[in-house]
Amino acid sequence: MNITLPPRHDGHREVVESDLRSLIVIGANGSGKSRFTGVMIGDMKGSAIRISAVKALYVTARRYDGLPGSIDTTYARGMESKIFAQTDTTEFERLMALLMHEEMVNLIAYKVAMSGRRDGDDRPELPHTVLDGVIDLWQDLFPGNKVLLEGGKMLFTRDSEGDAYSPVRLSDGEQAVLFYTGATLRAMPGATIFVDSPTALLHPSLSGRLWDRLESLRPDCTFVYTTHDLDFASSRGNAEIVWVRDYDAQASTWNYSLLSSDNGLPDEVYLDIIGSRRPVLFIEGDDNHSIDSKLYPLIFPNYTVKALGSCNKVIESVRSFNGLESFHHLDSYGIVDRDRRDESEVAYLRRKRILVPAVAEVENILMLEDVVRTVAHHKGRDERKVFEKVKRSVIAAFESELRAQAMLHTRHRVKRTVEYRVDGRFNNINSLEEHMHELVDKINPRGLYESFCREFRRYVADDDYASVLKVYNRKTMIASSNVASLCGVQGNRNGYLGAILDILRAGGAEAERIRMAVRRAFDLADDEMKGLLSSEDTQSEIQILDDN
């Protein structure tokens, strides 16, 4: 379903494409964001619900929104049927009552099915209810916390505490997680879920991961977030962003801009990055469709990630940004592809806070052994067999291009050496000319080429897949290796990348396995990577801003 946005001051209404998974409405306080989304909800004709943890926890007055699938509407029908009696509860408490009632109805239906089963009939499967989904996600987000169902009530315990307690004794943030999870999972199929202030009451280390998981659990739904939190707005990497600037109350029109995910946030919005107070990670990539800008925010979740385009711009931005530390008090790093850099170049960049992975380019990160094996395992394939086939394909392709690859590395080394050696001072043209004649013998291009050929042949002979990834620049490697199909993924390169991103967003052991594979690819010590990679950090801190 397409989403039609409210009218601009000139009367024109933008239409957002139907394949949209999430939409961000951002703007300053008083810019008319709530009224803006109210118009959108009115246009949905019953397929929308609106949720707000702040209102759910603190507002006790009955304010029925009239939306068919909302918590209030469902609860009101229950009151008419004498299922529920209380009228002065909060929306949070009403949701808890609905979840327990729906759980009871499902259990009764299951018991009826069991009692009607005849000898030889298959045992009916116990349905997985909304409450089951709420409990699963809750215990995943809060390890060490348990949920008990006793006497028709939901109770909570912590490993360190023996007593069980009711949901109303949870912290505000815990109640917000419980509310958002329950409200989202019980939304009608194909709903558009409008979320007011999605980060309110939530710790910054939790909000991003919560919404990543909820989006993953409800792929049939579209999420529309209303916020003035730029950190959160930028963390939704595949979302369209509507920037609401001001509102004409008399005409009920708005001044707003639709910011395509191709372009990231504009400079005037980006200026507020300093307010996020998070260290910055500059990366290559021209837009949000590049692998860099899709992958690295999920790999390095505790950094603000900004895509800049070229490697030179990354290097220069790190130098400039760190030069202004006394002003913004933020640390920054950069990531550039290895390409054909030698170890001395990599060491130099690392001293300048530029990280270089032990693979030739970002595409090769997707081909790391543990990444390939994780995707294959996730799709139910034999990960060992899949990787062996991918490995043979990549090494065979590298062997067939060995001389061409050696030549590319030789050209890079010659170019870098010439740039370095000619950068001296020469008093006259004769000195420069004599120096240039001597360079050919000193550099010895043929010797370099033959050395690379020998080194590369050794990689092939030793079946050294990791070393091949380190030196092999080939943009079509994902397609030519058939890794997507072997892993059981449709769509070749984009499908394979999408599967990796889905695993990372979902979290858990598989996501951690991929992050650890990338950690090893950067070949950094634990203390060096402490700030960049931490299993305790979450995707709430992801930012992806692009500067075209």
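Predicted, not measured: the structure shown is a model, and the values here were computed from it.

Notes on the overall build of the chain
Then comes step 1: A tally of helices and strands in the chain yields 25 helices and 15 strands.
Then comes step 2: Across the 548 residues of the chain, 50% fall into the buried class.

Description of the packing of aromatic side chains
Then comes step 1: Scanning the model with the defined rule gives 18 aromatic pairs in all.
Then comes step 2: In textbook terms, an aromatic cluster arises when at least three aromatic residues are bridged by ring pairs, as seen for F179, Y180, W211, F223, Y225 and F232.
Then comes step 3: Just above the ring of W243 sits the side chain of R245; from NZ or CZ to the centre is 4.1 Å.

Focus on the packing of helix 3 (residues 71–80) against helix 4 (residues 91–115)
Then comes step 1: Two elements in contact, helix 3 and helix 4, have axes separated by 10 Å at closest approach and are oriented at 60 degrees. It follows that helix 3 is oblique to helix 4 by the angle criterion. Between helix 3 and helix 4 lies a crossing of left-handed hand. Two secondary-structure elements touch here, helix 3 through I71, D72, T74 and Y75 and helix 4 through E91, R94, L95, A97 and L98.

Focus on unusual backbone geometry
Then comes step 1: Of note in this structure, S197 is not a glycine but carries a positive phi near 45 degrees.
Then comes step 2: For S197, the location among the structural elements is in the loop between strand 7 (192–196) and helix 7 (204–217).

Thoughts on the sheet that holds strand 9 (residues 240–248)
Then comes step 1: What the six strands build is an open sheet, ordered 4-7-8-3-9-10; its pairing is mixed. Lying at the two open borders of the sheet, with one neighbouring strand each, are strand 4 (48–51) and strand 10 (253–259). Neighbour-to-neighbour, the strand axes of this sheet turn through a mean angle of 20 degrees, independent of strand direction.
Then comes step 2: Relative to strand 8 (residues 222–227), strand 3 (residues 22–26) is paired through five bridges, and the arrangement is parallel. From the neighbouring strand, I26 faces strand 8, where its bridge partner is T227.
Then comes step 3: Of the strands in this sheet, strand 4, strand 7 and strand 8 touch helix 6 (residues 172–185), which is tilted by about 175 degrees from strand 4.

A look at helix 16 (residues 383–400)
Then comes step 1: Taking 1.5 Å of rise per residue, the 18 residues of helix 16 would be expected to cover 26 Å, and the 26 Å separating its terminal C-alpha atoms lies within 8% of that figure.
Then comes step 2: Among the residues of helix 16, E383, V386, F387, V390, K391, V394, I395, A397 and F398 are the ones counted as buried. Summarising the axial view, the buried residues of helix 16 lie within an arc of 160 degrees, below the 170-degree limit, and thus occupy one face. Exposed positions of helix 16 whose direction lies more than 90 degrees from the buried face are R392 and S400.
Then comes step 3: Put simply, D382 is the residue that caps the front of helix 16, since its side-chain oxygen is 3.1 Å from the backbone nitrogen of R384.

What counts, and at which threshold
Residues numbered from 1 in each chain as written. Predicted model: local features only at pLDDT ≥ 70, side-chain atom pairs only at ≥ 80, totals over all residues. Heavy atoms only, no water. Helix = DSSP H or I, 4+ residues; strand = E, 2+ residues; numbered from the N terminus. Buried < 20%, exposed > 50% of the residue type's maximum accessible area, 1.4 Å probe, protein only. Phe/Tyr/Trp six-rings, centres within 6.5 Å; stacked < 30°, edge-to-face > 60°. Lys NZ or Arg CZ within 6 Å of the ring centre and 35° of its normal. Axes fitted to C-alpha atoms, helices over the stretch in contact; angles between N-to-C directions. Parallel < 35°, antiparallel > 145°, perpendicular 65-115°, else oblique. Left-handed = near helix turned anticlockwise from the far one by under 90°. Contact = heavy atoms within 4.5 Å. Pairing = 2+ DSSP bridges. Expected span 1.5 Å × (residues − 1). Arc of directions from axis to C-beta. Polar contact = N/O pair within 3.5 Å; in protein donor to acceptor, adjacent residues only side chain to side chain.

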